[in-house]
Structure formats: structure tokens, C-alpha cells
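A look at the structure
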Amino acid sequence: MTQIENNLIIDNNKVLLTIDRYGVATVTLNNPEKHNAFDDGVITALTKVFMHLSKRVDVRIMVLASTGKSFSAGADLSWMKRMASYSYEENLADANALANMLKTLNFMPQTTIAQIQGAAFGGAVGLASCCDIVIASNKASFCLSEVKLGLIPATISPYVVNAMGQKASRRYFQTAERFFADKALSLGLVDEVVELNELPAAVDNMISTLLSNSPAAVRQAKQLALDVAFQDIDDALLNITSERIASIRVSKEGQEGLSAFFEKRAPKWQQEPSEQGS
């Protein structure tokens, strides 16, 4: 049974959640003995926590991390063995659950950061592709390994193709080659590569950068990128983008940001949480 109790997600402790006073949530895959491979229980737990966080206006950032040497080995072998005996209808329901989890992560209103310390295989590449920002260690590696097992990376494919492009996806979907952080960086799957011991600090630096920005504007900026991608640049799109900038200019945070800039002071959202409530 998966329950949300304060800041803890319980699924035999395989998924953990903490939320700090700045509104930074950290979701941690916590099954290092199995290289943080996921099964139907973990997928259910992740879906619930992503949905829970999506509804919270006090949460500004979500970090997706894991314990141990590997980020995630993808699908758990015991789960895959069970699925092999499932009917088509049961396999379809199982796949739909994974697809729903990935969609929920991809469209979370908060900024999402994947912190990847080691191997990310199969579905774990999908998790990374669904996050807005991916920071990886120089020890990280990636593999779309499905064809080695006679399978295809189907449910993760929309997000992986969006992250690293059709040409690279056509290659790595078919070859199941393992590639490393520097290659992932050049493909666009990863945004930043650092030394392993510098990974937590690099994520903290990114969090600090994000927290210095208007919470409402950051949410709207993410939605803007999702909405205008691959759209025709026509009068309808121009009107929509003009309406959005006009609307945010007259909003509370828009007015505060402009006032703070011209008055040469820090905006209110950069204050300590205790100060904001005073």
C-alpha cells in the first residue's frame, strides 16, 4: 500500500519524498540493491507522488534522485518475468500505467531536475527525458536496452525523441548501445555534466538559480515552452503569446518584479520563507 504521510512516500521505502522550507521537493528512488529498478508498485508510488506535488502551489521545484551507484536500471527483472506471462490485455494495462506516470512527470507545473549519478537504463532514460533539467555526473551512463530483450522503448519514446532528437533516437533505439554522460550532453539528453563528488552541489546551484526567479513566472514559462513547441508561427500564436505577456505584466508578481528592478531592490520572492509570511 502506498501512502503519503507528511514528507514520506511509503512503498516498502522504495520511493521517498522530502520537502524543505523553500518548497523544494526531493523524490528519491531507494532500492539500491536492485539498482533502483522499478516495478508496478514503484510506478504507482511515483504516479501518486507526482500527482500530489503537481497540486501543491507551495512546491516550486522537484528533484528526482536515487540512492546507490545507479540512477535506475529500468524495469525490475522479477516484474518483467511476471509480465511475460500476462495476456495482451494485462500487458496493455501495465503499459498504460507506466505511460500515465511518465505523462504526469512530464507535465508537472513545477521545475523538475533529474540528478543522475550512475547508470540510467531503459525506462530510466524516459524518466530523465521527462525532466526539465538533467544534471549528470561524469560516471553516468545511458542505454535504451529494450531491443536486446526483444522489446521496444515504446512508452518512453515520445519523451526520449523530444529530448535527444529523431536521428539519435533512431540509432540508439535500434543499437541498444551504452553511451556516457559526455555523449548524452552532446545529444541534448543531459544539460550539465560534473564530477561525481560535485553532483549535489551542482543541483543545489541550479535550485538557487531557480529560487531567485518569480514562482508564477517560472511556472508560466515552463507551460509556454510546452505550448509553443512545434506550432506554426501564425497570427493565432502571436496573439496567444502577446496575451500571456500582457497578463503577467499586470499580475501581482509581474508588478512586484518590475518595481523591484526599477527600485534596485530584491523582489519579495527572494526573501526567507519566514520573512514572506510576516
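In short, a report on the structure. Note that this is a predicted model, so its numbers are computed, not measured.

So, the sheet that holds strand S10 (residues 178-180)
Across the sheet, 3 strands lie side by side as S7-S9-S10; this open sheet has mixed pairing. A strand with exactly one partner marks an edge of an open sheet, and here the two such strands are strand S7 (119-121) and S10. Looking at each pair of strands side by side, their axes are set apart by 20 degrees on average, direction ignored.

Quick word on the nonpolar core
Residues Val27, Phe50, Leu53, Ile116 and Phe142 are the most contacted members of the largest nonpolar core, which totals 52 residues. The element that contributes the greatest number of residues to this core is helix H1 (residues 40-54), accounting for 7 residues. In contact with Val27, other than residues within four places in its own chain, are Val15, Leu16, Leu17, Leu46, Val49, Phe50, Leu53, Met62, Val63, Leu64 and Ala65. Grouped together as the second largest cluster of nonpolar side chains are 14 residues, Ala65, Ile133, Ala202 and Leu211 included.

Here's the deal with the pairing of strand S5 (residues 61-66)
Burial analysis of S5 places 6 of its 6 residues in the buried class, which makes it a mostly covered element. Burial along S5 is two-sided: Ile61, Val63 and Ala65 facing one way and Met62, Leu64 and Ser66 facing the other are all buried. When strand S4 (residues 24-29) meets S5, the two strands line up parallel, connected through 6 bridges. The residue of S5 that forms the bridge with Thr26 is Val63. As for the winding sense of the linkage, the β-α-β connection from S4 through H1 to S5 is right-handed. Note: S5 against strand S6 (residues 111-116), 4 bridges, orientation parallel. Its bridge partner lying in S6, Val63 is registered against Ile113.

A closer look at the packing of helix H9 (residues 215-228) against helix H10 (residues 235-249)
Where H9 meets H10, the axes come as close as 12 Å, and the angle between the chain directions of the two elements is 180 degrees. As judged from the angle between their axes, H9 and H10 are roughly antiparallel. From H9, Ala217, Gln220, Gln223, Leu224, Asp227 and Val228 reach across to H10, where they touch Leu237, Thr241, Arg244 and Ile248. Grouping the amino acids of the contact of H9 with H10 by side-chain chemistry returns 5 nonpolar, 3 polar and 2 charged.

Observations concerning the layout of surface pockets
Estimated volume of the largest pocket: approximately 860 Å³. Lining the largest pocket are 32 residues; nearest its centre among them are Ala75, Met80, Met83, Glu146 and Leu151. Counting residues per element, the ones that place at least two in the lining of the largest pocket are helix H2 (77-84) and helix H3 (88-106). Considering every element that reaches the lining of the largest pocket, the biggest residue donor is H3, with 6 residues. Here the lining of the largest pocket is built from residues that sort into 19 nonpolar, 8 polar and 5 charged. Roughly 580 Å³ of internal volume is contained in the second largest pocket.

What counts and how
Residues numbered from 1 in each chain as written. Predicted model: local features only at pLDDT ≥ 70, side-chain atom pairs only at ≥ 80, totals over all residues. Heavy atoms only, no water. Pairing = 2+ DSSP bridges. Helix = DSSP H or I, 4+ residues; strand = E, 2+ residues; numbered from the N terminus. Axes fitted to C-alpha atoms, helices over the stretch in contact; angles between N-to-C directions. Core = buried A, V, L, I, M, F, W, Y, C linked by side-chain atoms within 4.5 Å. Buried < 20%, exposed > 50% of the residue type's maximum accessible area, 1.4 Å probe, protein only. Contact = heavy atoms within 4.5 Å. Right-handed = clockwise from strand over helix to strand, strands pointing away. Parallel < 35°, antiparallel > 145°, perpendicular 65-115°, else oblique. Nonpolar A, V, L, I, M, F, W, Y, C, P; charged D, E, K, R; others polar. 1 Å grid on protein atoms, 1.4 Å probe; cavity = no way out; pocket = protein on both sides within 12 Å on 5 of 7 lines; lining within 4 Å. Points joined across faces, edges and corners; volume = space filled by probe spheres on them.

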